[in-house]
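# Coordinates in review
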Amino acid sequence: YLRTDHIDVIETLAFTGATFERPMKVADFVVRPWTSLAQTDATWSIQAKALSGRPMPDAVVTRRHTISTRHIRPWDQPAGQAMLSIEPARNVLRSITAQRGAGIKMTDYWFEPPAWAPWIVQQSSFGVDTSRISFPQHIEPKLGPNISRTAKKLLALDEASAARFNVPIDRLNASLLKGFVAVDAAIDLGIAIESLFSPTKQENGIGAGIRSRAARFLGGTIQQRTVIANLVSDIYDLRSIAVHSGQ
């Protein structure tokens, strides 16, 4: 049998909701079209699940790692363990959502070992929420630099700061996956805007504070700020109506 102290694996997060013409470098990751992956045990098992109606991934986020392991033998349990967080890879998906407005669903996550290793390291699948509808957005190569810059900024944040950005981006993503369920989409979008622009002191009401802060942050001229303030006000009103009336 083979014995080694370390093993090279490729962290892989598969998802639907965005399509790519070719591999795109994003910070330390590479986003690839699903069809560009080599056939392995992992990809075969995912394709087999698609036969029962499970959606096929559109693309994957990948990054190479060297992890510690023990004896490399088919009968050894457990196999190599990659003690890594999924959050950095998720930040790449958040960057795509922020830059392109793509509603993304994660489908599978695993660590692809070398060809000589007879197993998949830590493969996991995410439950498929049939209430969420994915309308894949095509990601043009020219968006690559913007997505990469966004990902680098998210990856550089400390845990507390990252949490503040994750809430609005994740809620935006959730609203994009609601399909034609306008009530749920309005609630998620409203939470995204409120989490970004809600004032610390709520002397004049939350709605007024959000409208004012969003207009000042996003607007340029007085006319632009007025348009943004009115738009944010309408979104917040729709969110409030959806919450209180359910329609």
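Definitions and limits used
- Residues numbered from 1 in each chain as written.
- Predicted model: local features only at pLDDT ≥ 70, side-chain atom pairs only at ≥ 80, totals over all residues.
- Heavy atoms only, no water.
- Core = buried A, V, L, I, M, F, W, Y, C linked by side-chain atoms within 4.5 Å.
- Buried < 20%, exposed > 50% of the residue type's maximum accessible area, 1.4 Å probe, protein only.
- Helix = DSSP H or I, 4+ residues; strand = E, 2+ residues; numbered from the N terminus.
- Contact = heavy atoms within 4.5 Å.
- Axes fitted to C-alpha atoms, helices over the stretch in contact; angles between N-to-C directions.
- Parallel < 35°, antiparallel > 145°, perpendicular 65-115°, else oblique.
- Nonpolar A, V, L, I, M, F, W, Y, C, P; charged D, E, K, R; others polar.
- Left-handed = near helix turned anticlockwise from the far one by under 90°.
- Salt bridge = Lys/Arg side-chain N within 4 Å of Asp/Glu carboxyl O.
- pLDDT = per-residue confidence, 0-100.
- Expected span 1.5 Å × (residues − 1).
- Patch = residues over 30% accessible without salt bridge, like charges linked within 9 Å, V, L, I, M, F, W, Y side chains within 5 Å.
- Areas by Shrake-Rupley, 256 points an atom, 1.4 Å probe, with all protein chains shown as cover.
- Lys, Arg positive; Asp, Glu negative; His and termini not counted.
- Charge placed at Lys NZ, Arg CZ, Asp CG, Glu CD.

Further remarks concern the nonpolar core. Counting 26 residues, the largest nonpolar core has F15, F20, V61, I96 and I139 as its most contacted members. Broken down by secondary-structure element, the contributors of at least two residues to this core are β2 (6-16), β3 (18-20), β4 (24-26), β5 (29-33), β6 (59-68), α2 (87-100), β8 (105-112) and α3 (144-156). Contacts of V61, omitting those with residues within four sequence positions, involve E11, T12, L13, F15, F29, V30, V31, A89, V92 and L93. Among the nonpolar cores identified, the runner-up in size contains eight residues, and I193, F197, I210 and A214 belong to it.

Contact geometry of helix α5 (residues 182-197) with helix α6 (residues 206-218) gives a least axis separation of 9 Å together with a crossing angle of 75°. With respect to their mutual orientation, α5 and α6 come out roughly perpendicular. Residues I193, E194 and F197 of α5 touch α6, and the partners they reach there are I206, G209, I210, R213, A214, F217 and L218. Counted by class, the contact of α5 with α6 contains seven nonpolar, one polar and two charged residues.

Axis separation between α2 and helix α4 (residues 159-176) bottoms out at 10 Å; the angle between their running directions is 60°. It follows that α2 is oblique to α4 by the angle criterion. α2 and α4 meet at a crossing whose hand is left-handed. Between α2, through E87, R90, N91, R94 and T97, and α4, the contact on the second element is made entirely by N166, I169, D170, L172, N173 and L176.

Turning next to the pattern of salt bridges. Across all of its chains, the model carries eleven salt bridges by this definition. E87 is the partner of R94 in a salt bridge, and the nearest nitrogen-oxygen pair spans 3.0 Å. Under the relative-accessibility criterion, R94 is labelled buried at 4%. Exposure remark for E87: the relative accessible area of 27% places this residue in the partly exposed category. Because the salt bridges share partners, they merge into one network encompassing E87, R90, R94 and D170.

If pLDDT is low for a region, its predicted coordinates should not be looked at in detail. Residues of the protein with pLDDT of at least 70 account for 79%, and the chain-wide mean is 81. Per-element averaging of pLDDT across the protein places strand β7 (residues 71-72) at the bottom with 50 and β5 at the top with 96.

Now for α5. Here α5 is 16 residues long and its end C-alpha atoms lie 22 Å apart, about the 22 Å a rise of 1.5 Å per residue gives. All of the buried residues along α5 are A185, A186, D188, G190, A192, I193, E194 and F197.

Below, the discussion takes up a positive patch on the surface. Together, K25, R149, K152 and K153 line one region of the surface with positive charge. It is α3 that provides the largest number of residues to the positive patch, a total of three residues. Topologically, K152 is positioned in helix α3.

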